Each structure stands twice: as C-alpha cells, then as structure tokens.
Amino acid sequence: MRKINKILIANRGEIAIRIMRTCREMGISTVAVFSDADRTAMHVRYADEAYHIGPAASSESYLNADKIIEVAKKSNSDAIHPGYGFLSENAVFAMKCAESGIKFIGPSPEVINQMGNKIQARLTMIAAGVPVVPGTTESLTTEKDAIDTIRQVGLPVMVKAAAGGGGKGMRLITEEKDIVSMVRSARSEAKSSFGNDSVYVEKYITSPHHIEFQVLGDQHGNVLHLFERECSVQRRHQKMIEETPSPLVTPELRTEMGKCAVNAAKAVHYEGAGTIEFLVDNDLNFYFLEMNTRLQVEHPITERVTGIDLVKQQILVAEGHPITFKQEDLHQTGHAIECRIYAEDPYNNFMPNPGKIYNITQPLGLGVRTDGYVYEGYEIPIHYDSMISKLIVWAENRAEAIERMKRALYEYKITGVKTSIKFLERIMETEDFRSGNYDTNFIEKNKTFLLAETKCEESCEDMIIISAYVEYLDRLNIAQTSKEMYTAQNRWKKYTYQKNFERL
Amino acid sequence: MRKINKILIANRGEIAIRIMRTCREMGISTVAVFSDADRTAMHVRYADEAYHIGPAASSESYLNADKIIEVAKKSNSDAIHPGYGFLSENAVFAMKCAESGIKFIGPSPEVINQMGNKIQARLTMIAAGVPVVPGTTESLTTEKDAIDTIRQVGLPVMVKAAAGGGGKGMRLITEEKDIVSMVRSARSEAKSSFGNDSVYVEKYITSPHHIEFQVLGDQHGNVLHLFERECSVQRRHQKMIEETPSPLVTPELRTEMGKCAVNAAKAVHYEGAGTIEFLVDNDLNFYFLEMNTRLQVEHPITERVTGIDLVKQQILVAEGHPITFKQEDLHQTGHAIECRIYAEDPYNNFMPNPGKIYNITQPLGLGVRTDGYVYEGYEIPIHYDSMISKLIVWAENRAEAIERMKRALYEYKITGVKTSIKFLERIMETEDFRSGNYDTNFIEKNKTFLLAETKCEESCEDMIIISAYVEYLDRLNIAQTSKEMYTAQNRWKKYTYQKNFERL
Amino acid sequence: MSIEIRLDKRIASVEILKQYENLLEIKVDDKIYQVDLMHNDEGIFSILNKGRSYNIELVPQTNPKLYTAYTLYDNYDIEIIDAESRYLRNRSGSTQLISENTISSPMPGKVVKIPVSVGDEVKKGDTVITISAMKMESEYKSPIDGKIVIIHVTEGSTIDANQKLIEIE
Amino acid sequence: MSIEIRLDKRIASVEILKQYENLLEIKVDDKIYQVDLMHNDEGIFSILNKGRSYNIELVPQTNPKLYTAYTLYDNYDIEIIDAESRYLRNRSGSTQLISENTISSPMPGKVVKIPVSVGDEVKKGDTVITISAMKMESEYKSPIDGKIVIIHVTEGSTIDANQKLIEIE
C-alpha cells in the first residue's frame, strides 16, 4: 500500500479536469502538462501545478513519454494518470513509468501489450471461454493465407490490421471479386500505419450493436463489472451517444455478458478500470471485439447509475487497496444517457469546426452533469480532438431520461463555433432512438430526418432581423461616441420598464 | 383527470427556472411574470412567454394576486405554480385561482389556512397523534392569560404570534422578570405585523435540531413521505446548509417520524408536496413545529437521494393522477448536501450584497447540481431575496459528499458581489460539521473558526500585485491606442510559448 | 432610417418607426411589430413580442457587417446591407465570379499536402490540397478544369478560416 | 517603471525588469519573480510561478485605480498608487477626516426611514437612517455626538453603494 499524494495528469481537455476533480476530493495534488497550444487551456488553470512540455503537435508534447516522466520527477509526482487517448494504452510509457518509480495508473505494460495486439487479445479471450467474432486466431502474414482464410470464414468479412486501431488498415469485403485487391490495400495501409503488414480476418456482423462492459480489478485478484454501456449511435466510427442500461440487453444477457467480461479481465489479472467491447447481433449473440485498457470517454453514465466514482477507484486500486464492494452490492439505478458535444458541422459531413468560443450557457438543474473544458473566449486548438464537452443526464427511467436530455440540450448554448448540439436534439426526437430500436446503422438509416431543415417560422426570423437592425443602430452610435472603460459594467442597456406602448 | 398544457409560474429567481425545467421535460408551455426590476431576469428569458405585472416592490407585482390571475387568463394558462415564498401559502390566492378555473398547484385553500394558523395547526396535529412542543393549544388573547400560561409551561418559553411567521412577534423568555415586558412587546409586534395580537406559548427547546420530512399526497387519499432533511445549519434563522440523511436520525426514529409526518398530512387530506418541520432534541424527542404547504427551497436533496422529481409529482398530482409508487418503493440512496449561495457578506453580519455579477464559473462534474438564476453581467435587484444559487452534491456516503461539496465550492467562482461561498467552505472544514455533531447553534458555536482570517501566503499576495501591475500597464496602453471593435475576439492576449526564460 | 438585412437567402427591409427606451415599433417588410427589446454588449437579445419570449444572439464575423445569429435551435447568416455595402456589392459584382475558382479554407487547420504546383493543369475533381484539423483530414478538389495560378500556402503551414489557399484559372 | 500597489493594508513597490511576450521578470519589493502570465480582457489572470498555477481575477471598482482581486478563496482590495493618485492622496489628506462623520451606504438599497432632520442634535449611537436591501433592514447610527448638517437622500429613495447619505458635524 503506497499513498499517492500527487498525480501528474498526462492529458488535456475535459478528461484532465475530470481526473483533477476527483484528486481534489481525495486531497491529492495535481500536476498539469501543456503544449504550446494549451497555455490558456482550462486544465492548466485548474491544476495546482502546470508545466510546459513541448510544441502543439501531440507527437512532440502529449505523446512525449520522456518529457512527461521528467516533469513527473521534477514535480515529485507519485503517479501518472494517462486519461484516455495519448499515452493511455502505450506499454512502453507504462514501462518507463515503472522504471522511474512512478506509479502508472492503469494495468501492467504486459497487459496493455497483450490487449493491444488484436490477435493475441482474441487468443486470450478464446482461452478464457469468451466468445469472439468467428475468424482467424493467427496473424496472416501472406496474401495467400489471408485469401484462403476469407474463403473459409465466408463473406462478408472484415480484414483488420493486427497491430491496428482507429480504422486504419481495415476493410470490409462483401464481394468475391474484391478479395484480392482489398487484402492488398489493407496490408499496405497496415504497413504504412503501424510498420507491420499482418492482418487478421473476422466475420462481418451486419448492423451490430456496440455494447461494452465496464470492469474493475484490483491488485488482489478481485474483478467485478459495473454493467454495460450501449454505444451504437456512431458517426464516422466514433460514438456520439451512449446509454445505460442498454435497451437491447435482457437481465439474462446482462448476467451472461457480465460474467464473460469478468472472466476476460481475470484472464489477464487485470488491474484498474477497463472496458470489454462486444458486438451483439439482433439475435442477442455477442462477440468479444476488443478491450480498452483505460478509462473510457463514456464512463460517467456508469458512474451515474452505479454511484461509483471510477477515477477514485482507479486511484485507490493504484495505491494497492482492495475493492471494498462486491458484485452483488452493485446495481443499475435508473437510466443515464451521455451526449458528446463535438465542435463540428453535422450539416457538412461532421467537419471539425475549431475556433473561438463566444458565449456558453451550461445546462443545469435536476439530473444533469456536464464534463467540459472550454470557456467563453477560449480558442479551440486545431491540433486535438473535436470533443469539447459531455452532457450526461440521469432519470428514473429511459423515457424520462430522453426528455431530460432534450431539455438539457435545449438549454446548452455554445456560440462562436458549430457544434453537434442540434443534431443530438434531433436524435432524441427520432422514433428509432425513442423506441430503443437502433443499431450502429442508426445515423445512416435516419439521415433524412436528422438533417432535415427545421428553421423557425417567419415571426421568429423577423425577430432576428430586428435584433440585427438594433445592433447596427447601436454600432453606429458607438462609433460616434467613446466606449466606456469597463464594458462589463454596462452589459445590459439601462432599463426602465413601461407598462404599455401608449407613450410611444 | 385534467391535462395541464400551460403553466404560469408566479415566482422569480432560481425556483421559477427550476419549475420551468420540469415543465419543459413534460412538454408543458411556460408563462413567466416579471416586475419592473426583472425584465432582464433569467426566468423571463427561459420561459416561452413572459408578461409584465407591475413595479419592483413585491407587494405590487409578485404578490398582486389579481394581476397574476389576469395574466393567467390572458395567456390561457391551465394552472399556476406558486413556487415558494410570495403567494405560495396564500389561501386567498388559491381561492381566487379556483374561482377563475385555474388549477392552483398546491393544497386546497382550507388546508393552507388550517396550517397557516399556527394554533390551529397545533390542534390538528394533537388530534392526529403527532407530538407538538409543550405549550398552549389556544390562542391567548389577553396579557393575563399569556402570563398564566407561561408560568404553567415553565421557563424558558417562546412566545409566538398566532398569525405569524418570519420571526415577527416572536420572543424567547428565559427569566421571570422579563415575562410581562416580553409578552407585551410580542403582542404589539404581532398586532402591527399581522393585525392580530393573539399569541401562543411553546416550551423553548435548547439547541434543537431542525429536521423536516417531505410529504406527498394525491387527490385519491394516498400520502407518503420522502424521508427527512436536516436543516440545523442556520444563520439569522435562515437555513444555509441542508443534508439528507440526517446524521442524527436513526432508522427507528426515521420510521417513527415518517409515520407522524404521513399522519399529519393525512389528517388534512393533503394534496401535493409539503413539508412537516420538527424540532428534535438531543434525546431524540421530536415535536411538530409547523407545516409548509408548498415546495421547499431545499427539495433538491430529497430529489437526489430518492430519484423523484418533486415538481413533476406536483404537476401529476394537480392533474389528478394517483401517485404511482408506494412507500416501500422509496429509498434514500447515498448522501446529498445543499449549500445556499447568498449574495451577502459573512464577515459583516451576513449583510446582503446586491450588485452586478462580473464573472461566474459553475462547478461541474460528477455528483454536482446547481440551481441558480444569475448570469454574467446580471444586476441582482435590491428588492428580493439574497439567495442567488443552490449547490447540491451527492455522493455514496456523507464523508465523500463533504469532500465533493468542498471541491464544488472551490470551483464555484462568482465575482462582482460578495457571497457566502467561502464561509460555506469553512463549514465543510469544521469538526462539528464533519462529525455530524451539530444543532441549530452550530454557526454561533463555531464562529471563531468560521470567520478566522485565512488569507494567502506572501508569494500568492505577490502574484495578485503582479496582476494588478500588468493590468495597469495594459490600461495605459489601451488608453493610448484605439480599442478593437470586438473585444470577445481578443480575450486572451496573443500567445507564443517559449520553453524557457533564456530569451528574456 | 430603412436598411436591408439579409437572413440566409431572404432579404428584408427594416425600419424603426417609434422608440421609447426598450419599447420599439419596427417595420419588417410589410409587418409592423411592437416589441420589448433588451440587449447587452455581448450581442445577446431578449425580445418580447406579444408575450412570446425570444432569445437571440448575434456573433460578429470578420467583416463588421456580417453576423451569425443564434436562436435556441438554429443559426443563420446575417448581413447588414447599408448604403456602403450596397456600393461595395455592386462594385465587386465581377470579382465574385473569380472566387468560385478559389479554394478557401472553411475552417482553421494545417496544410498537410499540396500535390500540385503553380502552372500544373488540373481536371475538375482532382485533389489540389489536403487540410488537417482536429485529427481529421479533408481533401479539397478543383471545381473546374484549369491551371493552378497561385498557391497562397505551403505544406505544414497553419491556416485560418476563410483564408484563400489556391487559385485556379 | 516602478509604481506602488496597495493590497489591503500592505503597500508594495513593483517594477518590471524584462519581458518577452507572456514571460515577465518582475520585482515586487525585494523579490524577483520570473512568471508566465496570461490575461484576458475580462481581468482574469493565469500565472505560472515555478510551476505553481495561480488564478486571479481583478474586478474594477467605480474609481479606475481601485480593484477587487479574487483568488480561489479570498478577495482583496487593490489600489494602484501612481504619480497621479499620490498627488490626489496628498491633496485630500485633510478631507479624509470629514468623511468619518459621513454616513455612506455599504451596499445598494432603499431608504426606509430617516428619523432625523437637518439641524437635529444627535448622540453617538443614535439611529439616523434605516436602509432596506433584499428583505433585510439595517440601521445606521451616528458615529459621534453632533448635529445633522446635510441629508442627501429622502425616505423611499433608491441608493447605490458608497453613496453619501447623511453628514453630521
């Protein structure tokens, strides 16, 4: 048992702040790191200490393992929390931390490696009795092997890079005639992306559900799961909305999948928080897809229905504490939904839209949580992810949660950049989502409804025109007189209310 | 059963917005009313419709029953939600609503009257078998009666105005020699405040706990309670912090008090949400104090541990729906604390501090809810209550909730006016609060600790001085050059990070 | 004083008729409104029109007569067309056409690749520049068959929104 | 350029030694700091001093050289004492004393009652005015034995913070 008194957070954005919040509640000091592009970022201001680690490009800052470890040593940090993305699933970094006597908050380098190699992960799961998507159990190093295997598994199949991730070196093959060319291009992309042209083959599941289980293990061999998260609402293979419980999962399926998730984690003596991702088809067959050996973006919905602070558990486990609760103590209470707010333009193929935030109104009140990091006047850098906030709601049941999410999205105002907020509101109104009857094809299937024009009626347009007119008159007026020194003291024009228009 | 499609909210501030949030989730249109002082208030901007009802003084606007009913009719509102304060416990208003065919969301005028008269309320409780503070059961209309009764009950006693409330016409008598003069002054103040010099006498409970039970009744005779709220942290007889569960209440006591609360509400066929306030002494004897026939400021902590949206229940009950859950379905999960953020100066006898809000940073993240109404640039009017926000946290247990509240208070920044935020943080650090060992004397008892100077160390002071210096240099510079047209585009100074100070 | 205001594709004529502090009588095209209008220095407007409450925010764009207007659900392009801008509009009528052959950046980002050089012949649909922003790469294609005339940026350079990148003739 | 800055009761002398963009070398009294300082137009400062992160906000007061400084936990009165304000300070040295006999409002509010008239003799501790704000009434008492010289307000009038109410001699 080794008490952690100071943690360096090797990350930025909302997750850095989310981790610091729990640190603060636990009385642990926080150290932020920042790139050239992030001096004005919120995580720098939130932390107790902050150090510069390099240029804007991630590869020279947030991915610079040596520099980060150097800062950890200089600041006497006991541990490093990697968040998600960046170095969170980097076995070499975890190794270097250990060598420097700094606790890496996460599993061992060996486990990261084992799960990072997709073929090895598949083999591990098969050995643990966890169902995997039908396909190869070995990496296919020659073109011929690949083609033979595909014929054996039967079309449609997915060809994936063994060392892969992020959709690179991945190809869906649905027709016989494409096999050769697709295998070649997958191998070539895998080579150029990961320096390794090994690929493997999986049966392609049509319209699957993407359902994952949160697991938590300690250094004493205890592993339990914190139920599922339904993550099928995706665009460009990135999640937009997650919810728990999943509308698809029955109590029996939950028990069975939970058992598999725990077995999967136990098989590698998993330490810390991790996620087992499954594909589930419409007949409720489920298959291991991959394991994420880190905290997941969408962890707050699990926190909300179980009441467990997952970051706190990560830290306690890293200190060597055994988990204090048992599987049977855990329950899903009510229903939670998360919407990811991206700075992007849903009406232009979800094109990222970095820029300067003008005004923000946060949604507040009953059952609403926001985890964000942007503030008024902040300029979102072009170098990093376009997710600027997560909106999480909870309610007694799914129908109420959807209405609450609609209300929270209605309240959430971010101006200056385009965001996914309105698109998310449309999803809340989509019949397939409301009935819970959706899979990973949801957005594609409902595109027409989701992207339909819903502009306001004429009198509303006229109000906008009136506003612009008054703004113009005011601007003329301002140009003629001197501006006040302190603009904040004059934000709303002086006001004397008159009962009616008679004096006009 | 009569569906409510539009609700007029006869209130302002955070509670008006809180009610509108639930209306929005239920698909109910909202109508705001506002005084001269409130045209720029948030509730006007949040509502679907908004109407002016009179001058700034409450007596001529938010207390103007006829005007409000006129607006309700004009806007075709089906119902009026009175919030708390203002007309919420005004039987005449409730009556006028009924006469106009508008549903008053709350109990019947008769029940409001019955509970509004403190002596009648005592009699009702005695008949229902609910323990009341020892004292008179009749109003004492002559000075002699009062003095005789006091002798009978025995000192110390509280003399209270029968028609009273808000501390007016209330006197604590601890010494024999003060009896005559105190009774006289109480009667005279009661006369001038309420036009009625009747008083009653209660035994004075030294250092009591102020613990209240939330009750909910429907039109079909169902009544249940949603557990207690501990409200003993008070200053100037106003609550500052509430929590649930109460650290004082044992499971047995909870059951017993809950039964009494339900009996109390059943005795008057109570409809809607109400609160039974009890005094509890250190030996866990409890006494009915009064019933609040409306939503309570601190209702969110009950919502958080039970998962029930109380405003939604109020509306459903008003529509005629029977309550859909049973007493045995209800549980207190985890622990919730509310801190009331007042615009006041704790270091100057809690003097109210209205003024212009400069900047706000909302506390966010896991387990945090804020219900407020002020925004950046908003000028808090001098005419109304000084409570500007409520901060509610939830955690698995009380210790974690206190740490979370500390974290949330740390994040909560409101500049421009003085607030109670720092004082509340000190309470979270007070041993008596942390141990749960406190009563209504808590603030008085811990005054020295709570008001101790905790200014920052010298290097921190120096950083403030450096900021002021740079601000001054900038100001000089601005005065010499023209200001940019759009200040928001230049909020943070242009930034190019340099690794070190060598180029200085 | 009447001016014209463009909202997306609609052009409306606006004129103030009367004003008493925040109470305004305003004509938009043929309709006359009596509104209670409040606004602050950050471009946030609260309008009450016959009891209905409207919240509108105007965010200024780089050109001082262009705004993005945000309502609760949507956003709109707003342009103030006063005498000055009408004049500029008329004058630049011809230059507008040229800009169709200019590739501009819709968002800030970084130039990843420019597979063409000045003088190169390109076909409509050929990729002429790849921009990366927020971990996503976008390829921009030539809108016409033509010849690369000017390349305003270099590979690796950081670009702003609405910056001219490549001109084709 | 060195100036003096008052923080509550402390008066410190400050001077900038070197600057390179947001990196500053600054002397406060006898200590030299090398800080990384960012600030925005709303008076919010982020300072890194040897790795420690400080967040400070300056809110201007009615007088342009007075601020309230907010740190995470506290607030401080700040005054910039440059040549001009030093001059004013010296000049007004005598008038300062008179203000002790002036009752001013610590906060905005409404005058509820003025139980005295000009010319009345009052004793130290006598209530001379009652102010109401946010449902709370406060009584202000005479600081001296004396005579009411001026009454600046009337019953029912609305007052700002720091407004002169009553002068006693």
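Keep in mind it's a predicted model, so treat the numbers as computed, not measured. (Residues numbered from 1 in each chain as written. Chains lettered and ligands numbered in written order. Predicted model: local features only at pLDDT ≥ 70, side-chain atom pairs only at ≥ 80, totals over all residues. Heavy atoms only, no water.)

1. Some words on the pattern of salt bridges
Right, so step 1: Per the counting criterion, the structure on display carries 109 salt bridges over all chains.
Right, so step 2: When the shortest N-O distance is used, the salt bridge between Lys3(A) and Glu319(A) registers 3.5 Å. With a gap of 316 residues between them, Lys3(A) in the segment before strand E1 (6–9) and Glu319(A) in helix H11 (residues 310–319) connect regions that are remote in the sequence.
Right, so step 3: On the basis of relative accessibility, which here comes to 6%, the residue Glu319(A) falls in the buried class.
Right, so step 4: The partner of Asp197(B) in a salt bridge is Arg187(B), with the nearest N and O atoms 3.5 Å apart. (Salt bridge = Lys/Arg side-chain N within 4 Å of Asp/Glu carboxyl O. Helix = DSSP H or I, 4+ residues; strand = E, 2+ residues; numbered from the N terminus. Buried < 20%, exposed > 50% of the residue type's maximum accessible area, 1.4 Å probe, protein only.)

2. A few points about the packing of helix H12 (residues 398–411) of chain B against helix H13 (residues 421–428) of chain B
Residues and elements named next belong to chain B.
Right, so step 1: Packing of H12 against H13 leaves a shortest axis separation of 10 Å and a crossing angle of 160°. Regarding the angle of H12 to H13, the classification is roughly antiparallel. For H12 against H13, the interelement crossing comes out left-handed. Here H12 contributes Ile402, Met405, Lys406, Leu409 and Tyr410 to the contact with H13, which in turn contributes Ile421, Leu424, Glu425 and Met428.
Right, so step 2: Of the residues belonging to the contact of H12 with H13, the class tally is seven nonpolar, no polar and two charged. (Axes fitted to C-alpha atoms, helices over the stretch in contact; angles between N-to-C directions. Parallel < 35°, antiparallel > 145°, perpendicular 65-115°, else oblique. Left-handed = near helix turned anticlockwise from the far one by under 90°. Contact = heavy atoms within 4.5 Å. Nonpolar A, V, L, I, M, F, W, Y, C, P; charged D, E, K, R; others polar.)

3. A word on the domain arrangement of chain A
Residues and elements named next belong to chain A.
Right, so step 1: Taken domain by domain, chain A comprises domain 1 (6–105), domain 2 (134–203), domain 3 (207–333), domain 4 (334–453) and domain 5 (463–504).
Right, so step 2: Taken over C-alpha atoms, the centre of domain 1 sits 25 Å from the centre of domain 3.
Right, so step 3: Buried area between domain 1 and domain 3, summed over both chains or domains, comes out near 1,300 Å², and the portion from carbon and sulfur atoms is 63%.
Right, so step 4: Across the domain 1-domain 3 interface, the total number found is four salt bridges.
Right, so step 5: Applying the counting rule to domain 1 against domain 3 returns eight residue pairs in polar contact (both at pLDDT 80 or more).
Right, so step 6: Examining the composition of the side of domain 1 that touches domain 3, we find that six residues originate from one element, helix H1 (residues 13–25), more than from any other. (Domains from an automatic or database assignment. Buried area = accessible area lost by both parts, 1.4 Å probe. Polar contact = N/O pair within 3.5 Å; in protein donor to acceptor, adjacent residues only side chain to side chain.)

4. What to know about the interface of chain A and chain C
By a widespread convention, an interface's size corresponds to the accessible area lost as its parts come together.
Right, so step 1: Contacts between the two partners involve 63 residues from chain A and, on the opposite side, 68 residues from chain C.
Right, so step 2: Between chain A and chain C the total buried area reaches about 6,100 Å² when both faces are included, carbon and sulfur atoms providing 66% of it.
Right, so step 3: Our enumeration of links across chain A and chain C arrives at five salt bridges.
Right, so step 4: Asp385(A) serves as the salt-bridge partner of Lys135(C), at 3.3 Å between the closest nitrogen and oxygen.
Right, so step 5: For the pair chain A and chain C, the interface holds 13 residue pairs in polar contact (both at pLDDT 80 or more).
Right, so step 6: Elements with a minimum of two residues in the side of chain A that touches chain C: strand E16 (351–352), strand E22 (413–414), helix H13 (421–428) and helix H17 (458–480) of chain A.
Right, so step 7: When residues of the side of chain A that touches chain C are assigned to their parent elements, the largest contribution, 19 residues, is made by H17(A).
Right, so step 8: Looking at the side of chain A that touches chain C residue by residue, the class counts come to 30 nonpolar, 15 polar and 18 charged.

5. A word on the sheet that holds strand E7 (residues 171–173) of chain B
Residues and elements named next belong to chain B.
Right, so step 1: Overall, antiparallel pairing links the three strands, which are arranged E7-E6-E8 in an open sheet. Each edge of the open sheet is held by one strand with a lone partner, namely E7 and strand E8 (199–203). On average, each strand axis in the sheet is inclined to that of its neighbour by 25°, with strand direction left out of account.
Right, so step 2: Taken together, the five bridges between strand E6 (residues 157–161) and E8 define a ladder with antiparallel strand orientation. Paired with valine 159 across the two strands is valine 201, which belongs to E8.
Right, so step 3: Sitting on the sheet, helix H6 (residues 118–127) touches E6 and E8, and the angle it makes with E8 is about 50°.
Right, so step 4: Its contacts with the sheet place helix H7 (residues 143–153) against E6, E7 and E8, and it is angled at close to 10° to E8. (Pairing = 2+ DSSP bridges.)

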